[in-house]
Amino acid sequence: MTKDQILRQLREIAADEGGDVSFRRFVALSGLKEKQIVGAHWPTWNDAKREAGLATAAFVRPRLAEESVIPAFAALLA
């Protein structure tokens, strides 16, 4: 299945599911295998959803800046 066909199917299933669909639900409903989606066309499920124009999961905890983490981690090791 081509990337465009998967995107079209993703949009259709998401619409049928109320506007969003989880990866597991999409795999179950589409009949595709996980390897046909993530890894083959997109590095992550969120990348596929983003390209399809769907909302993606937002992370609750913001990422910490490396500049603040590295000294704290080094202090733990000392």
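Residues numbered from 1 in each chain as written. Predicted model: local features only at pLDDT ≥ 70, side-chain atom pairs only at ≥ 80, totals over all residues. Heavy atoms only, no water.

Where two aromatic rings form a pair, the distance of their centres and the angle of their planes describe that pair. For the coordinates displayed, the defined rule picks out two aromatic pairs. Judged by centre distance (5.4 Å) and plane angle (35°), the ring pair of Phe-26 and Trp-45 falls under tilted. Of this pair, Phe-26 sits in helix H2 (residues 23–30) while Trp-45 sits in helix H3 (residues 45–51), and the two are 19 residues apart along the sequence. Considered together, Phe-26 and Trp-45 belong to a single accessibility category, that of buried residues. Ring pairing ties together the aromatic residues Phe-23, Phe-26 and Trp-45, which thus form one cluster. (Phe/Tyr/Trp six-rings, centres within 6.5 Å; stacked < 30°, edge-to-face > 60°. Helix = DSSP H or I, 4+ residues; strand = E, 2+ residues; numbered from the N terminus. Buried < 20%, exposed > 50% of the residue type's maximum accessible area, 1.4 Å probe, protein only.)

Bringing the packing of helix H1 (residues 3–16) against H2 into the picture now. Put simply, H1 and H2 touch, their axes get as near as 11 Å, and they point 105° apart. Taken together, the axes of H1 and H2 lie roughly perpendicular to each other. Each of Ile-6, Gln-9, Leu-10 and Ile-13 in H1 lies in contact with H2, whose residues at this interface are Phe-26, Leu-29 and Ser-30. (Axes fitted to C-alpha atoms, helices over the stretch in contact; angles between N-to-C directions. Parallel < 35°, antiparallel > 145°, perpendicular 65-115°, else oblique. Contact = heavy atoms within 4.5 Å.)

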